[in-house]
Amino acid sequence: MRVVRALVRSVPAAYRHATRRHDQPIDSDRATAQHVAYQAALRSAGFAVEALAGDESLPDGIFVEDTAVIVGERVMMTRSALPGRALERPPIAAALSARGLEVLHMTAGVCDGGDVLLVGGRLFAGISERTDAAGIAALAPLGLPITAIDVPAGVLHLKCVCSPLGDDAILLAEGTLDPAIFRGLQVHAVPFAEQWAANVVALGSRVVMGAGYPVAADRVSRAGYDPILVEVSEIEAGDGSMTCLSLRW
Ligand code: GLY
């Protein structure tokens, strides 16, 4: 069976200063424990997990998914709309190169990996506060067809409201995007009130998802998947969720 790898970056104490759009305090110690539990959940789902050390100069550094888009053995390092977050990219590029990936660098536009969803041999890319049309065009060397989607107002990233469930299905928060965008894929819905639960990491039938969303977990289970629930209150407090904590290939 093919090994699917996941790269994460540990939580620095500085995570309590993470970029966020509210005043909710963050408990970095609790975030550390939740991040360790997240890694365990990924392992339980079947991923081979490696953790890079956190960096006290990079409060948002745990959100490694934003730094890159991986397709097969090729990775496009993205360009951040936030000058502080740009500094997260070089160590991730070095780590991915050291693990044998071909590393390309975006030279125009801005893009966060949280806006880019790979499913069924296609990329769906959200136009958001963090990703623009030039950034999406710069994903072309990854060699897949790209569908651009306007991310709903007030939503940080495309994958805040939808994420892949394997290679032929999507989990989507009701009332956020037109399901017809994902024509040809199965679309499973979570309630709007539980939209954080639309962001999951799936491998085979196993689905790593946030705890505290009972309707969503029940629907995922009824759709034939096996939810693995992780408490991530402090990750959500930093405007993060399941996919943004890892790069997977
Ligand atoms: N804290 C994640 C972000 O806003 O980029």
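Scroll up a little and you will see the structure.
1. What to know about the site of the ligand
In step 1: By nearness alone, every residue bordering the ligand is listed as Thr19, Asp60, Phe63, Arg85, Arg130 and Gly238.
In step 2: The separation between a nitrogen atom of the ligand and a polar main-chain atom of Gly238 is 2.7 Å.
In step 3: Considering the ligand on its own, with 200 Å² of exposed area, one finds that the protein chains cover 98% of that surface.
In step 4: Within the shell around the ligand, the residues separate by chemical class into 1 nonpolar, 2 polar and 3 charged.

2. Some remarks on the environment of Thr32
In step 1: With respect to the helices and strands, the residue Thr32 is situated in helix 1 (residues 28-45).
In step 2: With relative accessibility at 33%, the residue Thr32 sits in the partly exposed group.
In step 3: Put simply, Thr32 and Ala13 are 19 residues apart on the chain and 8.7 Å apart in space, counted from C-alpha to C-alpha.

3. Some words on the packing of aromatic side chains
In step 1: This structure, assessed with the given rule, holds 2 aromatic pairs.
In step 2: Centroid distance Tyr15 to Phe63: 6.0 Å. Interplanar angle 65 degrees. Geometry classified as edge-to-face. Taken together, the residues Tyr15 in the loop between strand 1 (5-9) and helix 1 and Phe63 in the loop between strand 2 (48-52) and strand 3 (68-71) connect sequence positions 48 residues apart. An identical accessibility class is assigned to Tyr15 and Phe63; each is buried.

4. Structural notes on the sheet that holds strand 10 (residues 169-173)
In step 1: Taken in spatial order, the 3 strands make up an open sheet running 9-10-11, and their pairing is mixed. Looking at the sheet topology across the chains shown, the edges are occupied by strand 9 (162-164) and strand 11 (186-190). Averaged over neighbouring strand pairs, the angle between their axes works out to 25 degrees when direction is ignored.

5. Comments concerning the pairing of strand 10
In step 1: Buried residues dominate strand 10, accounting for 5 of its 5 residues.
In step 2: Along strand 10, one buried face is formed by Ala169, Leu171 and Ala173 and the opposite face, lined by Ile170 and Leu172, is buried too.
In step 3: In this sheet, strand 10 lies alongside strand 9 in antiparallel orientation, the contact comprising 3 bridges. Of the residues in strand 10, the one forming a bridge with Ser163 is Leu171.
In step 4: Linking strand 9 to strand 10, which pair antiparallel, is a turn of 4 residues; within it Gly166 sits at a positive phi near 80 degrees.
In step 5: Examined bridge by bridge, strand 10 and strand 11 share 5 bridges and lie parallel to one another.

6. A word on unusual backbone geometry
In step 1: Unusually for a residue other than glycine, Asp239 sits at a positive phi of about 60 degrees.
In step 2: Mapping Asp239 onto the fold places it in the loop between helix 6 (233-237) and strand 15 (247-248).
In step 3: By relative accessible area, which is 18% here, Asp239 ends up buried.

Calculation rules
- Residues numbered from 1 in each chain as written.
- Predicted model: local features only at pLDDT ≥ 70, side-chain atom pairs only at ≥ 80, totals over all residues.
- Heavy atoms only, no water.
- Near = heavy atom within 4 Å.
- Polar contact = N/O pair within 3.5 Å; in protein donor to acceptor, adjacent residues only side chain to side chain.
- Areas by Shrake-Rupley, 256 points an atom, 1.4 Å probe, with all protein chains shown as cover.
- Nonpolar A, V, L, I, M, F, W, Y, C, P; charged D, E, K, R; others polar.
- Helix = DSSP H or I, 4+ residues; strand = E, 2+ residues; numbered from the N terminus.
- Buried < 20%, exposed > 50% of the residue type's maximum accessible area, 1.4 Å probe, protein only.
- Phe/Tyr/Trp six-rings, centres within 6.5 Å; stacked < 30°, edge-to-face > 60°.
- Pairing = 2+ DSSP bridges.
- Axes fitted to C-alpha atoms, helices over the stretch in contact; angles between N-to-C directions.

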